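So the chains spell out like this:
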Amino acid sequence: MVTPGAGDPCEELDVLVVGAGLSGIGAAARLERDRPGQRYCLMEARGALGGTWDLFRYPGIRGDSDMFTLGYPFRPWDGDVSIADGPSILRYLRETAEEYRVDRHIRYHHEVESAEWSTAAARWTVHVVRTDTGERSQVTCRFLFMCTGYYRYDQGHRPCLPGEERFGGRLVHPQHWPEDLDYAGKRVVVIGSGATAITLVPAMARTAGHVTMLQRSPTYVISLPARDRLAARLQRRLPPRAAYHLVRWRNIAASSTFYRLSRRRPELVKRLIRSGVRRQLPAGFDLSHFTPRYDPWDQRLCVVPDGDLFGAIREGRAAVVTDRIATLDETGITLEPGEHLDADIIVTATGLQLLPVGGIRLTVDGQPVEVHERVAYKAMMLAGVPNAAFTIGYTNASWTLKADLVAGYVCRLLRHLDETGTRQVTPLAPDPSEPTGPFLDLTAGYVQRSLDRLPRQGSRAPWRIHQDYLRDLAIYRRAPIEDAGIRFSNPAPAPAPAPGRAPAPAPGLQSGHGAGAPVGPRPRGATGRLSRRRSGFAGYAGYAGLRSPQALGAAWLPRRWVRSLEVGAPRGQIGLESPELPAPAAGGGANRSG
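About the cut-offs
Residues numbered from 1 in each chain as written. Predicted model: local features only at pLDDT ≥ 70, side-chain atom pairs only at ≥ 80, totals over all residues. Heavy atoms only, no water. Phe/Tyr/Trp six-rings, centres within 6.5 Å; stacked < 30°, edge-to-face > 60°. Helix = DSSP H or I, 4+ residues; strand = E, 2+ residues; numbered from the N terminus. Buried < 20%, exposed > 50% of the residue type's maximum accessible area, 1.4 Å probe, protein only. Expected span 1.5 Å × (residues − 1). Pairing = 2+ DSSP bridges. Lys, Arg positive; Asp, Glu negative; His and termini not counted. Salt bridge = Lys/Arg side-chain N within 4 Å of Asp/Glu carboxyl O. Polar contact = N/O pair within 3.5 Å; in protein donor to acceptor, adjacent residues only side chain to side chain. Contact = heavy atoms within 4.5 Å. pLDDT = per-residue confidence, 0-100. Arc of directions from axis to C-beta. Axes fitted to C-alpha atoms, helices over the stretch in contact; angles between N-to-C directions. Patch = residues over 30% accessible without salt bridge, like charges linked within 9 Å, V, L, I, M, F, W, Y side chains within 5 Å. Areas by Shrake-Rupley, 256 points an atom, 1.4 Å probe, with all protein chains shown as cover. Charge placed at Lys NZ, Arg CZ, Asp CG, Glu CD.

Colleague: Help me understand the packing of aromatic side chains, please; the structure alone is not making it clear to me.
Modeller: Here the structure, examined in full by the defined rule, presents 17 aromatic pairs. Considering the side-chain rings of Trp-249 and Tyr-469, the 6.0 Å spacing of their centres and the 50° angle between planes classify their relative orientation as tilted. Taken together, the residues span a long stretch of sequence, with Trp-249 in helix α7 (residues 240-264) and Tyr-469 in helix α12 (residues 469-477) at a distance of 220 residues. Of the residues examined, Tyr-469 reaches a relative accessible area of 10% and is grouped as buried. Taken together, a centroid distance of 5.6 Å and an interplanar angle of 80° make the contact between Tyr-409 and Tyr-476 edge-to-face. You can see Tyr-409 sitting in helix α10 (residues 399-420) and its partner Tyr-476 sitting in helix α12, a full 67 residues away along the chain. You'll find Tyr-409 and Tyr-476 in the same group, each marked buried. In this structure an aromatic cluster arises from ring pairing among Tyr-72, Phe-74, Trp-77, Tyr-92 and Tyr-100.

And the structure:
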């Protein structure tokens with residue numbers, strides 16, 4: 001599964017995927033499914049795949065979205081557990097990478113530092129450093145796909161606490177959880193009120209002496225069942241894939257409806273959430289600790305499976321305090337009103353630091369790209385930056401819903417480049433007179449601290465960000481590729497033919513076809529049947545993967561005969577084999593290792 005190795009300085013790729021987390025593995029699996037034969041690799045700065053789900057090791061780590069939408073649409077989540085723990089999510093990612101042979105393309109300890117686009121060459125030159133040895137190398141690629149998430153992996157947000165140098169216990173940040181931390185029987189204070197804090201408190205309360213969640217302001221918290229009863233019933237009666245998609249669409253519809261109701265009728269939703277919280281807390285509990293000052297979905301809602309946080313409070317193992325810190329001392333925290341919280345361990349669940357495009361320095365034809373000055377096209381590309389995309393998931397739904405739409409759209413872009421004989425796709429900025437706004441519309445502190453680093457969004461499509469999966473589904477999957485916000489250009493130059501030889505097709509994104517090459521009948525759908533498009537002999541043969549004289553002759557058969565041919569191996573290869581010619585390696589990628 002592990003295939004590290006320094007890239008050859010002259011290595012040429014079709015697609016470079018940066019990051020082997022939830023987004024990167026999904027993007028690579030989409031390439032395997034939708035664009036077979038692409039020369040691609042994933043570069044991962046860490047020594048393991050999984051991203052967030054391998055990095056975070058704090059107690060109770062779990063997803064904050066249901067697994068039927070956090071999972072990939074092409075690989076069903078097996079089981080009825082809806083809110084899964086971190087190890088289960090990591091297992092799912094590893095199995096997906098293995099099933100789709102993505103793991104053979106991952107290069108661990110490879111950190112992408114910078115990338116330089118050349119219009120003349122229509123390629124990115126990507127500079128890479130080995131995080132384990134310091135060795136430097138470079139590769140080139142036709143398309144750069146940055147699946148790095150949106151926060152810094154090496155450090156979280158850690159404000160300086162007054163008097164922390166005097167504290168006699170241990171100070172811990174969840175992003176860097178120490179393996180040797182023993183909190184059994186200890187007094188713990190968790191500073192924060194977001195998803196991490198709400199996960200930590202009930203998990204640590206199982207063995208700690210007592211856990212206090214100290215928050216500056218409350219967060220909306222809702223309880224959902226850890227197991228999905230509908231999923232369990234459907235899985236007993238239907239094939240796994242059918243059951244998975246029914247539950248997935250039920251959850252998409254429910255979350256979309258709840259979000260829209262929250263924006264249109266915030267007071268009603270406040271009452272509903274407050275009523276649910278009241279039912280799960282002991283009589284006389286001060287509900288102000290769970291009553292935020294903002295409207296629902298101005299910040300993300302936090303989900304607690306089976307109300308585990310409320311259960312810990314009912315049983316007296318945990319408490320919630322809403323106040324400000326005056327100072328730390330030798331034995332704990334003194335609050336501004338003078339109250340003292342005794343603590344042996346203080347956990348600073350104070351949030352993340354956002355980092356757009358993974359901190360990669362981008363240059364286009366010698367001009368540095370300032371990400372915060374660019375407008376995002378369809379929330380996935382930067383105006384004026386060719387052949388590059390990034391992934392940032394939804395703030396009001398599962399990250400994967402958006403990530404998979406973006407990955408599918410990148411495959412559509414690659415296909416369109418092939419079909420139009422162009423080498424470059426460049427997003428355009430809206431008219432300078434049009435207003436722009438922040439990329440994310442959340443008021444959460446970790447977002448507000450970093451808005452000046454993120455790109456901007458426009459006031460209308462295709463530069464407007466909707467945070468609406470159902471609307472985006474039409475935009476990314478069905479809307480025409482060419483619109484007012486994007487330009488395809490830079491046709492591949494035709495090479496001069498050798499004396500006495502026919503002109504060779506120009507190199508494209510894939511050997512034998514692509515930008516500037518004759519485009520022949522294309523595989524269509526899972527069956528691999530061919531379109532009705534006519535083409536030149538060489539273009540047809542190169543595209544379809546025909547590899548014998550008899551198979552090449554099939555290009556001239558009547559269309560109705562050609563369309564009836566069955567696929568013999570991977571999608572895109574017609575099943576006419578020649579015993580004297582070896583078959584290509586499984587999967588077709590020139591960059592496979594292992």
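Colleague: Quick question: what am I supposed to make of helix α1 (residues 22-34) here?
Modeller: An α-helix turns once per 3.6 residues; consequently, residues spaced three or four apart project the same way. The terminal C-alpha atoms of α1 lie 18 Å apart, and with 13 residues this matches the ideal 18 Å at 1.5 Å per residue to within 8%. By the burial criterion, the buried members of α1 are Leu-22, Ser-23, Gly-24, Ile-25, Gly-26, Ala-27, Ala-28, Ala-29, Arg-30, Leu-31 and Glu-32.

Colleague: Where do I start with the environment of Val-201 in this structure?
Modeller: Note that Val-201 resides in helix α5 (residues 195-205). Val-201 sits in the buried class, given a relative accessible area of 1%.

Colleague: Sorry, what's going on with the pairing of strand β1 (residues 12-18) here?
Modeller: Strand residues, when the strand is regular, have side chains that alternate between the two faces of the sheet. The buried fraction of β1 amounts to six of the seven residues, a majority that puts the element mostly inside the structure. Judged from the six bridges that link them, β1 and strand β6 (residues 136-146) form a sheet pairing that is parallel. When the bridges of β6 are listed, Glu-12 appears paired with Thr-140. Summarising the sheet, β1 and strand β2 (residues 40-44) pair through four bridges and their orientation is parallel. When the sheet's bridge partners are listed, Leu-16 is paired in β2 with Cys-41.

Colleague: Looking at this structure, I do not really get the side chain of Asp-329. What am I missing?
Modeller: Inspection of the secondary structure puts Asp-329 in strand β13 (residues 325-329). For the buried Asp-329, which has no salt bridge, the nearest side chain bearing the opposite charge is Arg-166, at an N-O separation of 6.1 Å. A distance of 3.0 Å separates the side chain of Asp-329 from the backbone nitrogen of Thr-331, its partner in a polar contact. Within the local environment of Asp-329, its side chain forms a polar contact with the side chain of Thr-334, the two groups lying 3.4 Å apart. Ignoring sequence-local partners within four residues, the contact set of Asp-329 consists of Arg-166, Phe-167, Gly-168, Thr-334 and His-340.

Colleague: Is there a simple way to think about the confidence of the model for the protein in this case?
Modeller: Close inspection of predicted coordinates is inappropriate in any region flagged by low pLDDT. Averaged over all residues, the pLDDT of the protein is 83; the fraction at 70 or higher stands at 81%. This stretch, residues 1-8, has a pLDDT under 50; its non-local contacts, to residues over four places away or in other chains, come to 30 contacts. Segment residues 504-594 is flagged for pLDDT under 50; beyond a separation of four residues in sequence, or across chains, it makes 160 contacts in the model.

Colleague: For this particular structure, what's the right way to read α12?
Modeller: Among the residues of α12, Tyr-469, Asp-472, Leu-473 and Tyr-476 are the ones counted as buried. Projected onto a plane normal to the axis of α12, the buried residues spread over an arc of 115° and lie on a single side. N-cap assignment for α12: the residue whose side-chain oxygen lies 3.2 Å from the backbone N of Leu-470 is Asp-468.

Colleague: How do you make sense of the sheet that holds strand β8 (residues 187-191) when you look at a structure like this?
Modeller: Sheet strands associate in pairs through backbone hydrogen bonding, adopting either a parallel or an antiparallel arrangement. Spatial ordering of the open sheet is given by β7-β16-β8-β9-β12, a layout of five strands whose pairing is parallel. Taken across any chain shown, the strands that pair with only one partner, and hence form the sheet edges, are β7 (170-172) and β12 (318-322). Averaged over neighbouring strand pairs, the angle between their axes works out to 20° when direction is ignored. In this sheet, strand β9 (residues 210-215) lies alongside β8 in parallel orientation, the contact comprising five bridges.

Colleague: What exactly am I supposed to notice about the sheet that holds strand β15 (residues 340-342) here?
Modeller: As summarised here, the arrangement of the three strands in space is β13-β14-β15, forming an open sheet in which the pairing is antiparallel. Pairing within the sheet leaves two strands with one partner each, and these edge strands are β13 and β15. Looking at each pair of strands side by side, their axes are set apart by 20° on average, direction ignored. Across three bridges, strand β14 (residues 332-335) lies against β15 in antiparallel orientation. Paired with Thr-334 across the strands is His-340, a residue of β15.

Colleague: Which parts of the structure should I look at to understand a positive patch on the surface?
Modeller: Among the surface-exposed residues, Arg-216, Arg-293, Arg-324 and Arg-449 lie close enough to one another that they form a single positively charged patch. Of note, Arg-216 is situated in the loop between β9 and β10 (221-224). Taking relative accessible area as the criterion, Arg-216 reaches 60% and is therefore assigned exposed.

Colleague: I'm lost on the environment of Val-172 in this one. Help?
Modeller: The topology assignment puts Val-172 in strand β7. On the basis of relative accessibility, which here comes to 5%, the residue Val-172 falls in the buried class. For the pair Val-172 and Ile-345, spaced 173 residues apart in sequence, the C-alpha to C-alpha distance is 7.6 Å. Ignoring anything within four residues of it in the chain, the contact list for Val-172 reads Trp-177, Pro-178, Leu-181, Ile-346, Val-347 and Thr-348.

Colleague: Would you take a moment to explain the pattern of salt bridges for this structure?
Modeller: Working definition: two side chains of opposite charge can pair if their charged atoms are close together. Under the counting rule described, the total for this entry stands at 29 salt bridges. Ionic pairing is found between Asp-132 and Arg-130, a salt bridge with its closest N-O pair at 2.7 Å. Sharing partners across several salt bridges, the network here consists of Arg-30, Asp-34, Asp-404 and Arg-477.

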